[in-house]
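Summary of structural features
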Amino acid sequence: MSRNQAFGSAIHDREGLVRAIREQYVLHWDGIHGWDHWMRVLENGQRIASENGADLRVIELFALLHDSCRHNDGLDPHHGPRAADFALGLNGNFFTLEDKAAELLHLGIRDHTAGYVHEEPTICACWDADRLELPRVGIQTHPDYLGTDLAKRMLKERKL
Ligand SMILES: [Fe+2]
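Per chain, residues are indexed from 1 in the order of the written sequence. Local features in a predicted model are, by the rule used here, given only for residues with pLDDT of at least 70; side-chain atom pairs are given and counted only at 80 or more, and totals for whole chains, interfaces and linings are based on all residues. With hydrogens and water set aside, each side-chain value is computed from the structure's full complement of heavy atoms.

**Observations concerning the overall build of the protein**
Basically, it comes down to this: Secondary structure elements follow DSSP: runs of H or I no shorter than four residues count as helices, runs of E no shorter than two count as strands, and numbering proceeds from the N terminus. Whether a residue is buried, partly exposed or exposed follows from its accessible area with a 1.4 Å probe, protein chains only, as a fraction of its type maximum: under 20%, in between, or over 50%, in that order. We call two residues in contact whenever any of their non-hydrogen atoms come within 4.5 Å of each other. Surface accessibility follows the Shrake-Rupley procedure with a 1.4 Å probe radius. Residue values consider only the protein chains on display as shielding. Neither His nor the chain ends contribute to the count of charged residues, in which Lys and Arg are positive and Asp and Glu negative. Where a charge sits is defined by one atom per residue type, namely NZ (Lys), CZ (Arg), CG (Asp) or CD (Glu).
When helices and strands are counted, the protein shows seven helices and zero strands. What you see in the protein, going N to C, is helices and strands ordered as α-α-α-α-α-α-α. Seen through its principal axes, the protein has C-alpha atoms that stretch 40 × 40 × 25 Å. Across the 160 residues in the protein, those meeting the buried criterion constitute 49%. Residue pairs at least 24 apart in sequence account for 63% of intrachain contacts in the protein once pairs closer than 6 positions are excluded. Carbon and sulfur atoms make up 51% of the accessible area of the protein, which totals about 8200 Å². Here the protein holds 18 positive side-chain charges and 25 negative ones, and the gap between their average locations is 4 Å.

**A closer look at the nonpolar core**
When a protein is soluble and globular, its nonpolar side chains tend to lie buried together. Note the following rule: Nonpolar cores are built from buried Ala, Val, Leu, Ile, Met, Phe, Trp, Tyr and Cys residues. Side-chain atoms within 4.5 Å join them into one set.
Within the largest apolar cluster, 48 residues are counted, with the highest numbers of intra-cluster contacts made by Leu17, Leu61, Leu65, Phe95, Leu97 and Leu105. Mapped onto this core, the elements with two or more residues apiece are helix H1 (14-24), helix H2 (35-52), helix H3 (56-65), helix H4 (79-90), helix H5 (99-110), helix H6 (121-131) and helix H7 (149-159). With eight residues, the top contributor of residues to this core is H3. Those residues in contact with Leu105 that lie beyond four places of it in its chain are Val58, Leu61, Phe62, Ala87, Phe95 and Leu97.

**Considerations on the coordination of the iron ion**
For clarity, the threshold we go by: Metal sites are built from N, O and S donor atoms within 2.8 Å, or 3.2 Å for Na, K and Ca, and they leave out water, so they may look incomplete. Geometry assignment treats four donors as tetrahedral when all angles are between 85 and 135 degrees, treats four as square planar and six as octahedral when opposite donors are over 155 degrees apart and all others between 65 and 115, and treats everything else as irregular.
Looking at the metal site, the iron ion is ligated by His37 (NE2), His66 (NE2), Asp67 (OD) and Asp130 (OD), spaced 2.1 to 2.4 Å from it. Geometry at the iron ion is irregular, judged from the four donor atoms that bind it and their angles of 88 to 175° at the metal. When the donors of the iron ion are listed by position in the chain, the intervening gaps give H-x28-H-D-x62-D. Of this pair, His66 sits in the loop between H3 and H4 while Asp130 is found in helix H6, placing the two residues 64 residues apart along the sequence. Accessibility assignment for this pair places His66 and Asp130 in one class, buried.

**Things to note about the packing of H2 against H7**
Cut-off, in case you're wondering: Here, axes are lines fitted to C-alpha atoms. For helices the fit covers the stretch in contact, and angles between N-to-C directions go from 0 to 180 degrees. We call two directions roughly parallel when the angle between them is under 35 degrees, roughly antiparallel when it is over 145, roughly perpendicular when it lies between 65 and 115, and oblique otherwise. By convention, the crossing between two helices is left-handed when the near helix turns anticlockwise from the far helix through less than a right angle, and right-handed when the turn is clockwise. Amino acids are sorted into nonpolar (Ala, Val, Leu, Ile, Met, Phe, Trp, Tyr, Cys and Pro), charged (Asp, Glu, Lys and Arg) and polar (every other residue, Gly among them).
Contact geometry for H2 and H7: axes closest at 9 Å, N-to-C directions at 130°. One way to sum up the angle between H2 and H7 is to call them oblique. The interaxial crossing formed by H2 with H7 has right-handed handedness. Between H2, through Asn44, Arg47, Ile48 and Glu51, and H7, the contact on the second element is made entirely by Asp149, Leu150, Ala151, Arg153, Met154, Glu157 and Arg158. When the residues that make up the contact of H2 with H7 are grouped by side-chain class, the tally is four nonpolar, one polar and six charged.

So, in structure tokens, the structure goes:
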């Protein structure tokens, strides 16, 4: 585990944050890209972080925000960039991340559907956490698109 791993939460007004997300969220809260999915991404991400040392503050915010600006539940290629900018605008209001972590959150959200694997552990954990959830929308997760060993093992476990 990384010596620099950031634990805990950067959120200081969770109720306000969830309200701000909900006020602009246009899809069903209980839909395939909604709350339950975000909570499973959080759980996956926390598990991956325990092994690869990812920043847990960024994982939590990624889980809550990465799909928050979708306009539909299908192909919506710009939902990542929209949500990344939305997230940055919330920094300092409902949560506080320093510049380096805010950059990770922005990149992680912006490119989470861009289809590549990143080497940075926090970005990797965020994307793997989300990609492990692909079978719920009928897409098999391919191990080549997972960047962490633990996510690859989790994928195998789920296929048993
Ligand atoms: Fe997602």
